[in-house]
Amino acid sequence: MTIEPGVSVLLASQTAIVVFGSLQVAGTEEEPVIFDSLEAETNWGGIYIEGADTIARISNAHFQHAEGGIFREITYPGGVTVHYSFAFIEQCLFEKHAGDRYSQSGIDAA
């Protein structure tokens, strides 16, 4: 999956993006990709990357109101969680996460 510059991805409460394949988030400084909840002041489930067959690349993205959850009996804190995969994450902003109680940056790399 490739997400182009300037795209806003709005997710319903408790909805997550689970990635087993390719993820390319190609924001730019001028046109970041925005991940946020669909409803004001609610939380969405974050991005969970597990066993992906390529390196996930996330550049110039803003993540807001991610909460995390449980998938396949694994708890992920919110924002972006990488499990048995590799990810290159640069120039991203993580804020207003319910998952920040688990991880200061909103990123958990296991």
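Since the model is a prediction, treat every value here as computed from it, not as a measurement.

> What is the right way to read the sheet that holds strand β4 (residues 24–26) from this model?
The sheet built from four strands is open, its strands ordered β1-β4-β7-β12 with parallel pairing. Strands with a single pairing partner mark the edges of an open sheet, and in this sheet they are β1 (2–3) and β12 (87–90).

> Explanation requested: the packing of aromatic side chains in the structure shown.
Aromatic rings in a pair are described by how distant their centres are and how their planes are angled relative to each other. Inspection of the entire model under this criterion finds three aromatic pairs. Note on Phe 35 and Trp 44: the rings are 6.1 Å apart at their centroids and 20 degrees apart in plane angle, and the pair reads as stacked. Owing to a relative accessible area of 0%, Phe 35 belongs among the buried residues under this scheme. Measuring from ring centre to ring centre gives 4.8 Å for Phe 63 and Phe 94, while their planes differ by 5 degrees; the resulting arrangement is stacked. One end of the pair, Phe 63, is in strand β8 (residues 61–64); the other, Phe 94, is in strand β13 (residues 93–95), with 31 residues separating them in the sequence. The pair formed by Phe 63 and Phe 94 is uniform in burial state, with each residue classed as buried. Ring pairing ties together the aromatic residues Phe 35, Trp 44, Phe 63 and Phe 94, which thus form one cluster.

> Would you take a moment to explain the environment of Glu 90 for this structure?
Summarising the element assignment, Glu 90 is placed in strand β12. Given the relative accessible area of 33%, Glu 90 is considered partly exposed. Between the C-alpha atom of Glu 90 and that of Ser 59, which follows or precedes it by 31 residues, the distance is 5.0 Å. Apart from the residues within four sequence positions on either side, Glu 90 is in contact with Ile 58, Ser 59 and Asn 60. At 3.1 Å, the side chain of Glu 90 forms a polar contact with the side chain of Ser 59.

> Help me understand the environment of Gly 78, please; the structure alone is not making it clear to me.
Residue placement: Gly 78 occurs in the loop between β10 (74–76) and β11 (80–83). Take Gly 78: its relative accessible area is 2%, and that puts it in the buried class.

> I would appreciate a short explanation of the confidence of the model for the protein in the present structure.
Caution applies to low-pLDDT parts of the model: their predicted coordinates are not meant to be read in detail. For the protein, mean pLDDT is 83; residues scoring 70 or higher make up 85% of the total. For the protein, per-element mean pLDDT is lowest for strand β14 (residues 107–109), which scores 45, and highest for β4, which scores 97.

So, how was this worked out
- Residues numbered from 1 in each chain as written.
- Predicted model: local features only at pLDDT ≥ 70, side-chain atom pairs only at ≥ 80, totals over all residues.
- Heavy atoms only, no water.
- Pairing = 2+ DSSP bridges.
- Helix = DSSP H or I, 4+ residues; strand = E, 2+ residues; numbered from the N terminus.
- Phe/Tyr/Trp six-rings, centres within 6.5 Å; stacked < 30°, edge-to-face > 60°.
- Buried < 20%, exposed > 50% of the residue type's maximum accessible area, 1.4 Å probe, protein only.
- Contact = heavy atoms within 4.5 Å.
- Polar contact = N/O pair within 3.5 Å; in protein donor to acceptor, adjacent residues only side chain to side chain.
- pLDDT = per-residue confidence, 0-100.

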